[in-house]
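Geometric and topological summary
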Amino acid sequence: MRHLSSFALRAATVSAAVMLVLSLLGSYWGWWRAEGALRQQLDLAIAAEAEGFVREFEETGLRGLAISVDTYARRRGPLFVAVLAPDGRVIAGRLPQAPPPLRGFANLPGTGERPSLRVLGGTLPGGGTLLVAADLTPVDKAAMALAWTPPMAGGAAALLAMILGFVAAGRMERRLSSASDAARDVMEGDLTRRLPLSGRDDEFDRLTETFNVLLGRIEALMIAQRQVTDDIAHDLRSPLSRLRQLLEGALAGPRDPAADAAMLERGMAELDAVLSSFSALLRIARAESGVLRQGFSPVDLSVLVETSAEIYTPVAEEAGKTLRTEIAPGITLQGDAALLRQAVVNLIENAVNHGGPHIALRLRPGPVIEVEDDGPGIPAEEREAAIRRFHRLDRSRSMPGTGLGLALVAAAARAHDGTLVLEEGAGGRGLRVRLKLAL
Amino acid sequence: MRILLIEDDETTAGYIAKGLREEGHVVDHASNGRDGMFLAMSEPFDVIVTDRMLPGPDGLSIIRAIRLAEIATPVLMLTALGDVEKRVEGLEAGADDYLGKPFAFAELRARIRALARRPSGPPAEQSVLGLGELRMDLLQRTVTRGARKLDLLPTEWRLLEFLMRHPGEVITRTMLLEKVWDFSFDPTTNVVDVHVSRLRRKLDLPGEAPMIRTVRGAGYALSAPGTEG
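Residues numbered from 1 in each chain as written. Chains lettered and ligands numbered in written order. Predicted model: local features only at pLDDT ≥ 70, side-chain atom pairs only at ≥ 80, totals over all residues. Heavy atoms only, no water.

1. Examining the interface of chain B and chain A
Just so we agree on the cut-off: Contacts are assigned to residue pairs with any non-hydrogen atoms lying within 4.5 Å of each other. Take the accessible area each of two parts loses on contact, using a 1.4 Å probe, and add the two losses: that sum is the buried area. Here a salt bridge means any side-chain nitrogen of Lys or Arg lying within 4 Å of a carboxyl oxygen belonging to Asp or Glu. Any N or O atom pair separated by 3.5 Å or less is treated as a polar contact, with the protein-specific requirement of one donor-capable and one acceptor-capable atom, and with residues adjacent in sequence counted only for side-chain atom pairs. Strands here are runs of E lasting at least two residues and helices are runs of H or I lasting at least four, both read from the DSSP assignment and numbered beginning at the N terminus. Just so you know the grouping, Ala, Val, Leu, Ile, Met, Phe, Trp, Tyr, Cys and Pro go in nonpolar, Asp, Glu, Lys and Arg go in charged, and all remaining residues, Gly too, go in polar.
Across the boundary between the two partners, chain B contributes 23 residues, which contact 25 residues of chain A. When chain B packs against chain A, the two sides together hide about 2100 Å² of surface, and 62% of this comes from carbon and sulfur. Inspection of the region where chain B meets chain A yields four salt bridges. Of the charged contacts, one joins arginine 198 of chain B and glutamate 318 of chain A as a salt bridge, the two residues approaching to 3.2 Å between their closest N and O atoms. Summed over the shared surface of chain B and chain A, the result is nine residue pairs in polar contact (both at pLDDT 80 or more). When residues of the side of chain B that touches chain A are traced back to their parent elements, those giving at least two are α6 (154-165) and α8 (191-203) of chain B. The element that contributes the greatest number of residues to the side of chain B that touches chain A is α8 of chain B, accounting for five residues. The residue inventory of the side of chain B that touches chain A, partitioned by class, reads 10 nonpolar, seven polar and six charged.

2. Focus: the sheet that holds strand β10 (residues 171-172) of chain B
Residues and elements named next belong to chain B. The following threshold applies: What makes two strands pair is DSSP finding at least two bridges between them. Inter-axis angles, ranging from 0 to 180 degrees, are taken between N-to-C directions of lines fitted to C-alpha atoms, where helices are fitted over the stretch in contact.
One open sheet accounts for three strands, arranged β10-β12-β11; its pairing is antiparallel. Every interior strand has two partners, whereas the edge strands, β10 and β11 (212-215), have only one. Relative to strand β12 (residues 219-222), β11 runs antiparallel, the two sharing four bridges. Counterpart to threonine 214 in the pairing with β12 is tyrosine 220. Packed on one face of the sheet, α6 meets β10, β11 and β12 and runs near 70° to β12. On top of the sheet, α8 reaches β11 and β12; it is set at about 145° to β11, its chief contact.

3. Looking at the side chain of glutamate 169 of chain B
Put simply, the rule is: Only protein chains enter the area calculation, which uses a 1.4 Å probe; residues under 20% of their type maximum are buried, those over 50% are exposed, and those in between are partly exposed. Only four residue types enter the tally: Lys and Arg on the positive side, Asp and Glu on the negative side, with His and both chain ends excluded.
With respect to the element layout, glutamate 169 of chain B can be found in the loop between α6 and β10. Despite its burial, glutamate 169 of chain B remains without a salt bridge, the nearest opposite charge being carried by arginine 117 of chain B at 4.5 Å.

4. Regarding unusual backbone geometry
Residue proline 367 of chain A is bonded to the preceding glycine 366 of chain A through a cis peptide linkage, with omega at -15°. Mapped onto the elements of the fold, proline 367 of chain A is located in the loop between β9 (358-364) and β10 (368-373). Between lysine 101 of chain B and proline 102 of chain B the backbone carries a cis peptide bond, its omega angle lying at -10°. Tracing the backbone shows proline 102 of chain B in the loop between β5 (97-100) and α5 (105-117). Positive phi values are uncommon outside glycine, yet glutamate 70 of chain B reaches one of about 60°. Its place among the elements puts glutamate 70 of chain B in the loop between α3 (59-68) and β4 (75-79).

5. Description of the domain arrangement of chain B
For an interface, size is often stated in terms of accessible area lost upon the parts coming together. Residues and elements named next belong to chain B. For clarity, the cut-off: How far each domain reaches was decided by an automatic or database domain assignment.
The domain boundaries assigned to chain B delineate domain 1 (2-117) and domain 2 (128-222). Between domain 1 and domain 2, the C-alpha centre-to-centre distance is 28 Å. Carbon and sulfur atoms supply 49% of the area buried between domain 1 and domain 2, which totals about 930 Å² over both sides. Summed over the three residues of domain 1 that lose the most area to domain 2, namely Arg87, Arg111 and Arg117, the buried surface amounts to 41% of that side. Ionic pairing is found between glutamate 178 and arginine 111, a salt bridge with its closest N-O pair at 3.2 Å. Secondary structure elements with two or more residues in the side of domain 1 that touches domain 2: β5 and α5.

6. Re the nonpolar core
Filter applied, for reference: Only buried residues count toward a nonpolar core, which is a set of Ala, Val, Leu, Ile, Met, Phe, Trp, Tyr and Cys residues joined through side-chain atoms within 4.5 Å.
Membership of the largest hydrophobic core comes to 89 residues, with the highest contact counts inside it found for Leu301, Tyr312, Ile369 and Leu435 of chain A together with Leu160, Leu176 and Leu222 of chain B. The residues touching leucine 435 of chain A, leaving out its near neighbours within four places in the chain, are Ala343, Leu347, Pro367, Val368, Ile369, Val409, Ala413, Thr419 and Leu420 of chain A.

7. Focus on the environment of glycine 88 of chain A
Locating glycine 88 of chain A in the fold gives a position in the loop between β1 (79-84) and β2 (90-93). Between the C-alpha atom of glycine 88 of chain A and that of glutamine 41 of chain A, which follows or precedes it by 47 residues, the distance is 29 Å.

8. Details of a nonpolar patch on the surface
Residue and element names in this part refer to chain A. We apply this condition: Patch definition: residues above 30% relative accessible area lacking any salt bridge, with like charges linked at up to 9 Å and the nonpolar side chains Val, Leu, Ile, Met, Phe, Trp and Tyr linked at up to 5 Å. Per-residue and other accessible areas were derived by the Shrake-Rupley procedure at a 1.4 Å probe size, with only the shown protein chains allowed to occlude residues.
Taken together, the side chains of Val14, Val18, Val21, Leu22 and Leu25 present a nonpolar region at the surface, about 480 Å² in accessible area. In this fold, valine 14 is placed in helix α1 (residues 7-75). Take valine 14: its relative accessible area is 54%, and that puts it in the exposed class.

9. Focus on the pairing of strand β8 (residues 332-335) of chain A
All names here are of chain A. Only one face of β8 is covered, namely the one carrying Leu333 and Gly335; the face carrying Thr332 and Gln334 has none of its residues buried. Bridge count for strand β6 (residues 297-300) against β8 is four bridges, and the pairing is antiparallel. Within the sheet, the bridge partner assigned to aspartate 300 lies in β8 and is threonine 332.

10. Details of the packing of helix α2 (residues 137-187) of chain A against helix α3 (residues 203-252) of chain A
Residue and element names in this part refer to chain A. Let me state the cut-off plainly: Should an angle fall under 35 degrees it is called roughly parallel, over 145 degrees roughly antiparallel, and 65 to 115 degrees roughly perpendicular, with every other angle called oblique.
Orientation of α2 relative to α3, taken along the N-to-C sense of each, is 0°, at an axis distance of 12 Å. Judged by the angle between their axes, α2 and α3 are roughly parallel. Judged by residue contacts, Met172, Arg175, Leu176 and Val186 of α2 engage Phe204, Asp205 and Leu215 from α3. Per-class residue counts for the contact of α2 with α3 are five nonpolar, no polar and two charged.

11. What to know about the packing of aromatic side chains
Put simply, the test is: Between 30 and 60 degrees the pair is tilted, below 30 it is stacked and above 60 it is edge-to-face, where a pair is any two Phe, Tyr or Trp rings, Trp via its six-membered ring, whose centres lie within 6.5 Å.
Considering all chains together, one arrives at five aromatic pairs over all chains under this definition. An angle of 75° between the planes, with centres 6.0 Å apart, marks the rings of tyrosine 15 of chain B and phenylalanine 105 of chain B as edge-to-face. Within this pair, whereas tyrosine 15 of chain B is found in helix α1 (residues 10-22), its partner phenylalanine 105 of chain B is found in helix α5, the two being separated by 90 residues in sequence. Residue class for tyrosine 15 of chain B comes out partly exposed when judged on its relative accessible area of 42%. Since its relative accessible area comes to 16%, phenylalanine 105 of chain B is described here as buried. Judged by centre distance (4.9 Å) and plane angle (15°), the rings of phenylalanine 183 of chain B and phenylalanine 185 of chain B are stacked. Each member of the pair, phenylalanine 183 of chain B as well as phenylalanine 185 of chain B, carries the same accessibility label: buried. Members of the aromatic cluster, joined through ring pairs, are Tyr312 of chain A together with Phe183 and Phe185 of chain B.

This is the structure we're talking about:
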């Protein structure tokens, strides 16, 4: 019963205790108020009755009063009435207790069988005393009955609160422990695990959703990181091994300034290739980590694409190709200008290096950037792989490049909530690369 | 020239200092940020070359501090591979140029020369650039070599304007990519060579003395015929 220490149960216990204390205080206050009111009522009734007897006395004298008091006593009305002689003897009527001669209101405490009384005494002209009294028992009973109501209700409410708290604690315990189990699975390496939702869309679900988004980000970052590590392991190893063999071979051979210089230049070229792959990988990793988003600023995509086209039109011409453009004006978005520029340049350079003689560069509202050429294209089954890091089609192995060009474009697309699609060009020939970005 | 080099990696520092001394420069080397900042503040240098990551105050803090002290010495900041995105941060702190490691020595040399030749303070608003018989009117958007008017495309114009602002200096391909086209990456095509050769075809007609010189293994330089090369 781990949930005995639960927050919900503690909250319920505290509220139950507060309810009990309040209901006890309420009960005392209720009793005090009720008793006061009932006594006042009683005093009024006593006074009214006494007044009636006094009028009787004024009209009929002591004799008449004694007769009507006796009559009243025999009738057993709610009140006790007695007339005392000046020496304290009871002349008429009756009282449950030996009455003292008194004036004004007084309480007579009950003894044994005899009840407590409320008594009003008055001296009659001629020395006698008229006493009117009422039994206090019903008043006390009524006040007590009223006073008991709040603690009964309070006790029931407190009990209910405890039960509800216990149930809530159990539920919370179950929900939190499922979340904590899931979190532990994630910690142990199952990055695809997500916290379960109850579907009630309450504050727990909202918190859980936030945590799930967080877990998604962690998973994406971990995958990206793992991917980069794998790529480095697989694809940088071979040029580095080549470099090592080159150095080893040169070291074993005889010293010859010309051959050594040639070897050092080859070695530098290999190293430069490794470094440029490395720096491209870091860039891709950075783009995929989403940290660039904080630096997003307005980018005029039309100008960016137009400028890239201007720069590459002569390059395409020198390569014996034509670069045609259809650029919609005034397209802007929030993004990373440097990354977008590199993505556009990579697409154009891919077409110049690997594509056919006619290259089309388009920018349409969306924004969508398309680069199309009428070259050999990429077979449908290879298109998915072409976007991956270090993937190079067999026929392009001799061409310049790191094999990371499209991977960077794909990373740029993702960094801008966009997509990269490779498809056939017009008429089923060539290749059309479509980079769709989100505004 | 007197150059301050702030670099904590001994091998890199040795390589840079040796190369610069061979060029005839005086090199003071500081191997941590504290010494570097002290030297930069207390002695006059023509150029400061500082690493970005340093023990003690880092390169950015040093640059901010010396700029606060109103020392206008040009600063070249070196940075680790893949840090190119941090370029803007360095330039905003007051660095004048930025070079990613590893670099070819020729690249560093060209950049230090470009920085040292730069007139201190903000560049004066010139409306006409001139070099030998070459004149570029920035307001009328015309370029003439002697009496001949050159018809340049926008990219060729930007390239020539940059070269004319750095007369006689060796400008590397990377510098052109970064400063003319805003490319912070290595393209896989010979984009720089294509534009330079196109510009050269318009600028240096057969029979005229060539103004654009190719510096092998480094880059290009624009100079008035007869002054250099």
